Amino acid sequence: MAAIALRELLKSKYVEENMTGLEEQLREGLNRALGWLQVNEPENDVERIFRDIALGGDKDDLEKLTVEGELKAYKAFALAYLGEKVSLEGNFFSPMAVAMALYATGNEKYREELLNMEHFGFWGGKLHYRVLDLLDVSQITGFGELREIACPYLDKIPATEEWQKAVYAHYFVLCSKEPELPENYSALLPPWQVAEVARIKALLGKPYNDAVGYLISTSNNGTWKDFYNTAYVVWVLKSLNVSYDYEKSLHYLSANLTWMLNEKNPKTGEPLYYSIPTYYFSQAAIVFSQFGMSKELNETLKVLRERQYPNGAFAYTHQSVTGITTTARVVWNLEIAGLTNTELYRKGVDFLRKVLYAEIPEVKPEMANTTFLMVKDGRYVGNTTGE
């Protein structure tokens, strides 16, 4: 499925010239996927169907395949995708099978069934990423209303492991739900997760001295594991007014920033910081702003400017793919750092608004060549033109 998706993306209009390096990454990923498929046999009919599509289509192999139930839609989809005219009857119950049946036949029946399964743009599943993306954006000033859309789905995301309780806690707080916080801090491998527990406890008005004490006791000469974790821990401790000697931590962050900016990757010869995630630098910007470290802050903002595309979105790493997740994280960090008056922030907010919101023009008494759409309860109801 990934190989098929990569091939479709490469053929599409969405790989633009200004996305430097993206096409090369896509082709490399596609070639690796196709190579793997050529030497590995499918273990079941579903894998067989998708492998046949990805490798260019063995129509005879698909025709010989005897399937029942939902797999009839899978087989019909595969043959239709490869250019064959197919006939298909029957009822299907999963959104994926119904979508495949619709693709294969164009039958209005399957279209109606698929639309009836939809709710606010979602079809089934646990909805991990879309919901959390919306909640990440909702933290930014002016986007709070997104919580009304996302919060009803939050309970579908499991938080059973200790690390999940730490990572998802702030999403529950955003949705005015009581999070279950981890108690075994040693099970939280990244120190930032322990700092996050302290931050959430403070937001909830609960004692957080245990988490702070654990962090201070596990400090390695003022550092916690790496650049990002140290920046996160220092931000939380400083925000909670914890009495602590921050000098060694700040020296480490400053020196490590200089090292990343100047060191070369021995494998590629490129600057080392090219491979460092963008949100690392936006997190450090908070700390540099907190402590008035203007030199380090300016160097960090320079990196963020390099990582921001003309449309306002931030790349995950240097000139890599981008999207809502990274952009929301960076924009929120800029807001925490008090940098809302910067072009970085304004362009990031503009990108998120354009991605998530429809631009609806002001309705005037006379609007030529205009069609009005009616949307009610998240569903398309109808349209009217010229009246």
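Everything that follows concerns the structure shown earlier in this document.
Residues numbered from 1 in each chain as written. Predicted model: local features only at pLDDT ≥ 70, side-chain atom pairs only at ≥ 80, totals over all residues. Heavy atoms only, no water.

Details of the state of the cysteines
Note: disulfide means a covalent bond formed between the sulfur atoms of two cysteine side chains.
And then number 1: Evaluated as defined, the whole model comprises 1 disulfide.
And then number 2: The disulfide partner of cysteine 151 is cysteine 175, and the gap between their sulfur atoms is 2.0 Å. Disulfide cysteine 151-cysteine 175: the torsion about the S-S bond is -85 degrees, which places it as left-handed. One end of the pair, cysteine 151, is in the loop between α9 (146-150) and α10 (162-174); the other, cysteine 175, is in the loop between α10 and α11 (191-203), with 24 residues separating them in the sequence. (Disulfide = S-S within 2.5 Å. Helix = DSSP H or I, 4+ residues; strand = E, 2+ residues; numbered from the N terminus.)

Some thoughts on the packing of α11 against helix α13 (residues 227-239)
Helix packing geometry: the angle between the two helix axes and the distance between the axes.
And then number 1: As a packed pair, α11 and α13 sit with axes 8 Å apart at the nearest point and diverge in direction by 15 degrees. With respect to their mutual orientation, α11 and α13 come out roughly parallel. Pair α11 / α13 crosses with left-handed handedness. Here α11 contributes Pro191, Trp192, Ala195, Glu196, Ala198 and Arg199 to the contact with α13, which in turn contributes Tyr228, Asn229, Tyr232, Val233, Trp235 and Val236.
And then number 2: Across the contact of α11 with α13, the residue classes tally to 9 nonpolar, 1 polar and 2 charged. (Axes fitted to C-alpha atoms, helices over the stretch in contact; angles between N-to-C directions. Parallel < 35°, antiparallel > 145°, perpendicular 65-115°, else oblique. Left-handed = near helix turned anticlockwise from the far one by under 90°. Contact = heavy atoms within 4.5 Å. Nonpolar A, V, L, I, M, F, W, Y, C, P; charged D, E, K, R; others polar.)

Some points on the environment of leucine 356
And then number 1: Positionally, leucine 356 belongs in helix α18 (residues 343-356).
And then number 2: Using a relative accessible area of 23% as the deciding quantity, one classes leucine 356 as partly exposed.
And then number 3: Counting along the chain gives 219 residues from leucine 356 to valine 137, while the straight-line C-alpha distance between them is 9.6 Å.
And then number 4: Discounting chain neighbours no more than four positions away, the residues touching leucine 356 are Leu134, Val137, Leu146 and Ile324. (Buried < 20%, exposed > 50% of the residue type's maximum accessible area, 1.4 Å probe, protein only.)

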